[in-house]
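# Working through the structure, step by step
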Amino acid sequence: MRVAWAIVVLGAVGVVALLVLPGPTSSPSTELGIGGVGEAPDPTAPVLLPSRRAGDLAGRALAAVTPTTVSPDPTTTTADAPAPSRPVLVPEPPSAPPLSDPELVELLYRGQLGRLDPDEEVVPPVADPPPALADDVAPLTGIASDPAVPERPALVVKIDNSVAARPQAGLIEADVVYEELVEGGTTRFAAVFHSTAAPVGPVRSFRSTDIGILGSLGEPMLSWSGANRVFAALLREQPVIDRGTSQAPYWRDRTRRAPHDLMTDVDSLRGELGGVAPAPLFAYRAPGTTAVGAVVEAFDVVAGSSTVTWRWNGAQWERWLGGTPHPTTVGPVITTDNVIVQRVPYLPSGLVDGAGSVVPEAAMVGTGTATILTGGVAIEATWTRPTLRSVTTFTDAGGEHIELTPGRTWVHLAVAG
């Protein structure tokens with residue numbers, strides 16, 4: 001009897017895996033499980049939910065050979081989901097074999113980045129990678145540094161961007177900051193530290209978009225607060241050194257409200273572990289060279305459900321939200337030397353959060369348009385990234401690298417279209 005039940009369950013899993021197709025929304029049907037790494041469950045973290053159609057068909061397949069119970073699903077809130085009172089089939093017996101992490105990934109994940117081989121070419125290159133820098137120049141800023149800096153791995157820290165998380169720590173000190181769209185119309189940051197150190201936080205969870213950020217940084221370290229089982233399984237396949245909450249020191253800032261209170265610092269995260277140093281991500285202008293482009297005093301970027309304005313103050317770009325400076329723990333406003341608005345397609349990852357919102361993934365391999373703010377001007381560009389391991393190139397109409405001001409860079413992974 002146990003053998004027959006196992007065969008039926010595996011057959012039903014196959015049905016679900018074939019029928020969970022990507023689309024603009026995912027509606028929950030049967031919750032398969034939630035896994036966390038190193039932190040208490042986060043009500044905004046993605047949960048493992050297949051589409052309604054796949055869940056219903058899997059339930060019907062199981063119903064052919066085993067009794068079912070009926071229970072309401074109180075979590076369905078998306079527009080095309082069944083009303084909360086609609087019954088959802090729950091297969092019995094409850095002792096059915098649990099799905100492994102690889103089975104969950106195959107069943108639920110519908111993104112691009114986690115399925116790419118690191119050297120699988122999606123588009124042909126249009127330019128060589130940015131040129132190598134001198135041994136005493138930091139590769140992620142183009143600024144002279146301690147000669148030991150270029151040899152160490154980069155550290156990526158996932159940082160919260162909810163209202164309750166502000167002011168954040170570390171956003172003004174990082175060499176590079178990526179801003180990515182997550183579920184519910186909000187954004188989060190992936191701050192890349194290489195030549196600098198600082199307190200940092202609030203630290204939050206990993207998303208599949210982060211695979212694209214990690215891929216071009218050699219073998220970096222990653223500071224993260226947790227992930228669901230699907231995203232955690234994808235992360236384990238990446239060349240990254242885990243510096244999550246079970247591997248490094250973190251603490252709770254009691255002046256903040258959980259879960260927006262998990263803090264750490266870069267020096268503690270680095271520890272004594274190895275890794276592979278990053279190559280330069282950008283090309284830089286020679287000292288005294290003026291950027292050529294359209295002079296702008298302010299530039300708006302749609303970032304989820306908010307609009308960010310970058311204002312040129314004569315020396316750097318300042319980040320404003322809704323007419324108000326975005327502060328940090330060390331200053332009244334976030335500043336950076338360069339801003340790259342990289343327009344990328346966003347795909348459904350296959351997962352939704354507890355409110356039914358689709359968890360998106362930025363398709364960071366391929367090509368598209370970009371606007372680069374540097375030296376008080378805006379320059380239109382083409383971004384190209386052939387493989388997951390490649391560095392993204394930003395080129396002009398002639399295929400030449402657009403050169404940035406040496407210093408810190410902010411990359412908006414904006415929605416293409």
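For the structure given in this document, a descriptive report is provided here. Just so it is clear, the model here is predicted, and its values are computed rather than measured.

Moving on, we get to helix α5 (residues 229-236). Buried residues dominate α5, accounting for six of its eight residues. Residues of α5 that are buried include every one of Val230, Phe231, Ala232, Ala233, Leu234 and Leu235, and no others. Where α5 starts, the residue carrying a side-chain oxygen 3.0 Å from the main-chain nitrogen of Val230 turns out to be Asn228.

The tally for this structure, following the rule as stated, stands at twelve salt bridges. Arg236 is the partner of Asp101 in a salt bridge, and the nearest nitrogen-oxygen pair spans 2.7 Å. Remark: Arg236 occurs in helix α5 and Asp101 occurs in helix α3 (residues 101-108); sequence separation between them is 135 residues. The class of Arg236 is exposed, set by a relative accessible area of 53%. Between Asp253 and Arg256 there is a salt bridge; the shortest N-O distance is 3.1 Å. Assessed through its relative accessible area of 15%, Arg256 is described here as buried. Connected via shared salt-bridge partners are Asp101, Arg229 and Arg236.

Attention now moves to the pairing of strand β15 (residues 306-312). Consecutive residues of a regular strand have side chains that alternate between opposite faces of the sheet. The pairing of strand β14 (residues 298-303) with β15 spans six bridges and is classified as antiparallel. Bridge pairing links Ala303 to Ser306 in β15. Hairpin connection from β14 to β15: two residues lie between these consecutive antiparallel strands, with Gly304 at a positive phi of about 70 degrees. Inspection of the sheet shows β15 paired to strand β16 (residues 317-321) by five bridges, in the antiparallel sense. Its bridge partner being in β16, Trp312 is matched across the sheet by Trp317.

Moving on: the pairing of strand β21 (residues 358-362). The element β21 is extensively covered by neighbouring structure, given that four of its five residues are classed as buried. Where strand β20 (residues 346-353) lies against β21, four bridges are found, and the strand directions are antiparallel. Paired with Val352 across the strands is Val358, a residue of β21.

Looking now at the packing of α3 against α5. Between α3 and α5, whose axes approach to 9 Å, the crossing angle comes to 110 degrees. Taken as axis vectors, α3 and α5 run roughly perpendicular relative to one another. For the pair formed by α3 and α5, the contact residues are Asp101, Leu104, Val105 and Leu108 on the first element and Arg229, Val230, Ala233, Leu234 and Arg236 on the second.

This part takes up the environment of Gly114. Summarising the element assignment, Gly114 is placed in the loop between α3 and β4 (155-159). On the accessibility criterion, Gly114 (26% relative accessible area) is partly exposed. With 274 residues separating them in the primary sequence, Gly114 and Leu388 have C-alpha atoms 9.7 Å apart. Sequence-distant contacts of Gly114, defined by excluding residues within four places in its chain, comprise Tyr109, Ile211 and Leu234.

A few words now on the packing of aromatic side chains. Inspection of the entire model under this criterion finds five aromatic pairs. Taking 6.2 Å as the distance between ring centres and 70 degrees as the angle between the ring planes, the aromatic pair formed by Phe206 and Trp224 counts as edge-to-face. With Phe206 in the loop between β7 (199-200) and α4 (209-215) and Trp224 in the loop between β8 (221-223) and α5, this pair connects stretches of sequence that are 18 residues apart. For the pair formed by Phe206 and Trp224, the shared burial category is buried. A ring pair is formed by Phe282 and Phe394, whose centres lie 6.4 Å apart and whose planes are at 40 degrees; its orientation type is tilted. Of the two residues, Phe282 sits in the loop between α6 (266-270) and β12 (283-284) while Phe394 sits in strand β24 (residues 393-395), which places them 112 residues apart along the sequence. Residue Phe282 shares its accessibility class with Phe394, and that shared class is buried. Within the aromatic cluster, the residues linked to one another by ring pairs are Phe189, Trp310 and Trp410. Sitting above the plane of the Trp320 ring, Arg311 keeps its charged end 3.8 Å from the centroid.

Thresholds, definitions, all that
Residues numbered from 1 in each chain as written. Predicted model: local features only at pLDDT ≥ 70, side-chain atom pairs only at ≥ 80, totals over all residues. Heavy atoms only, no water. Buried < 20%, exposed > 50% of the residue type's maximum accessible area, 1.4 Å probe, protein only. Helix = DSSP H or I, 4+ residues; strand = E, 2+ residues; numbered from the N terminus. Polar contact = N/O pair within 3.5 Å; in protein donor to acceptor, adjacent residues only side chain to side chain. Salt bridge = Lys/Arg side-chain N within 4 Å of Asp/Glu carboxyl O. Pairing = 2+ DSSP bridges. Axes fitted to C-alpha atoms, helices over the stretch in contact; angles between N-to-C directions. Parallel < 35°, antiparallel > 145°, perpendicular 65-115°, else oblique. Contact = heavy atoms within 4.5 Å. Phe/Tyr/Trp six-rings, centres within 6.5 Å; stacked < 30°, edge-to-face > 60°. Lys NZ or Arg CZ within 6 Å of the ring centre and 35° of its normal.

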